[in-house]
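Next come the chains, spelled out residue by residue.
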Amino acid sequence: MEIIFYHPVFDTPWWINALEKALPGAKVREWKPGDNRPADYALVWHPPVEMLQGRKLKAVFALGAGVDSILSKLKAHPEMLPLSIPLFRLEDTGMGLQMQEYAVSQVLHWFRRFDDYQAQKQESCWQPLPEYQREDFTIGIMGAGVLGSKVAESLLGWGFPVRVWSRSQKAWPGVTSFAGQAQLGAFLSETRVLINLLPNTAETVGIINGALLEQLQDNSYLLNLARGVHVIEDDLLQALDSGKMKGAMLDVFSREPLPTESPLWRHPRVAMTPHIAAVTRPQEAITSIAGTINQLERGEPVTGQVDRERGY
Ligand code: NDP
Ligand code: OXD
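Definitions and limits used
- Residues numbered from 1 in each chain as written.
- Chains lettered and ligands numbered in written order.
- Predicted model: local features only at pLDDT ≥ 70, side-chain atom pairs only at ≥ 80, totals over all residues.
- Heavy atoms only, no water.
- Near = heavy atom within 4 Å.
- Polar contact = N/O pair within 3.5 Å; in protein donor to acceptor, adjacent residues only side chain to side chain.
- Areas by Shrake-Rupley, 256 points an atom, 1.4 Å probe, with all protein chains shown as cover.
- Nonpolar A, V, L, I, M, F, W, Y, C, P; charged D, E, K, R; others polar.
- Salt bridge = Lys/Arg side-chain N within 4 Å of Asp/Glu carboxyl O.
- Helix = DSSP H or I, 4+ residues; strand = E, 2+ residues; numbered from the N terminus.
- Buried < 20%, exposed > 50% of the residue type's maximum accessible area, 1.4 Å probe, protein only.
- Contact = heavy atoms within 4.5 Å.
- Core = buried A, V, L, I, M, F, W, Y, C linked by side-chain atoms within 4.5 Å.

A. Inspection of the site of ligand 2 at higher detail. Around ligand 2, the neighbouring residues are W45, G64, A65, G66, M95, R227 and H275. Residue G66 places a main-chain N or O atom 2.8 Å away from an oxygen atom belonging to ligand 2. A distance of 2.7 Å separates an oxygen atom of ligand 2 from a polar side-chain atom of H275. When ligand 2 is considered free in solution it has 210 Å² of accessible area, and contact with the protein chains removes 83% of it. Classifying every residue of the shell around ligand 2 gives three nonpolar, three polar and one charged.

Have a look at this one:
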């Protein structure tokens, strides 16, 4: 079995070695421009078109959860990956726990008013503030997939009211589920903390805009863990400045790295991290990909295949 590997920043020799250990008998090589030799599988992140184009692969594996960068390249170059070649993505592989850590710590930060106390500290102000109540702190998660479900589970464990919004209805104990455009307004109307874990698709680009933010509870918060293009950044700044929203924590941005001239850097109620909410955990990812390759080789059913029509 021949496997080609391409990732612009990962430690390629480490991955090749670990993949060969996980798949005894497989030959794994780093793909370099000009390499047109046959391969059975490709493991990729931001792959150059020429890496995949015209190759008779059995499957392609994205080395992350989101496949938007691959699908957008496919729009311009459909010949890069014919529909007959399945595209897989990582399902959790350690990212669920990281998303839980991030979401729980940030929600608790807001719930315990550490943002207000930090602002008071800047003014040398010693002033206990009224406590927030959980019943006024409904968490609304957009995207109830692999990662959204993990985040919902962890915040339920902390006793917050949790609701989710997705394309299809969920029946999860303790969680209120809303589905589709028709129920988006009802989902938003009680939400105090909006957590975004949607994929980047034609339907979700720009979804977190002024009209949407206006439907949230007053003094609400946004936690964007998915993709920057989901949020209209000017609308978010306006909602923060008008007092509709109290704070935002952003891990992802419409342009990354965030340009120095962006007003988000300087806004006192915007906090940010540089797209690190949940990173690919190499060993977990390799175990999962090797497992899927073995299942495919045996003709068994597999999970994680991207529905290219749907866009995630
Ligand atoms: P999944 O595909 O498992 O879940 C996607 C969820 O979004 C599903 O619940 C789906 O609904 C819902 N959804 C999709 N389109 C719509 C729509 N138009 N309207 C309503 N709901 C919709 O993805 P993951 O949970 O694995 O990952 C989510 C995203 O997180 C990734 O696409 C990626 O962009 C981002 N991410 C960010 C990272 C970071 O470090 N910041 C790291 C990893 C991922 P349904 O259940 O009905 O299908
Ligand atoms: C991912 C990411 O989608 O790192 O995996 O954002």
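From this point, the narrative continues.
B. Looking closely at the pattern of salt bridges. Taken as a whole and judged by the stated rule, the model has 12 salt bridges. Across the pair E297 and K58 runs a salt bridge whose closest N-O atoms are separated by 2.9 Å. Taken as a pair, E297 in helix 10 (residues 282-297) and K58 in the loop between helix 2 (49-52) and strand 4 (59-62) lie far apart in primary sequence, 239 residues in all. With relative accessibility at 41%, the residue K58 sits in the partly exposed group. A salt bridge links D218 to K244; the shortest N-O distance between them is 2.8 Å. In this pair, D218 sits in the loop between helix 8 (210-214) and strand 10 (220-224) while K244 sits in the loop between helix 9 (233-241) and strand 11 (245-250), placing the two residues 26 residues apart along the sequence.

C. Looking closely at the environment of G94. You can see G94 is positioned in the loop between strand 5 (87-88) and helix 4 (95-111). With 188 residues separating them in the primary sequence, G94 and P282 have C-alpha atoms 9.3 Å apart. For G94, the contacting residues outside a window of four places in its chain are R281 and E284.

D. Quick look at the nonpolar core. In this structure, V60, F137, I139, L155 and I195 are the most contacted members of the largest nonpolar core, which totals 74 residues. For this core, the leading source of residues is helix 4, giving nine residues. Core analysis: the second largest hydrophobic core is formed by 26 residues, M142, L198, L216 and L240 among them.

E. Expanded view of the side chain of S154. Within the secondary structure layout, S154 lies in helix 6 (residues 146-157). Of the polar contacts made by the side chain of S154, one reaches the backbone oxygen of V151; its length is 2.9 Å. Once residues within four sequence positions are removed from consideration, S154 is found in contact with Q100 and V104.

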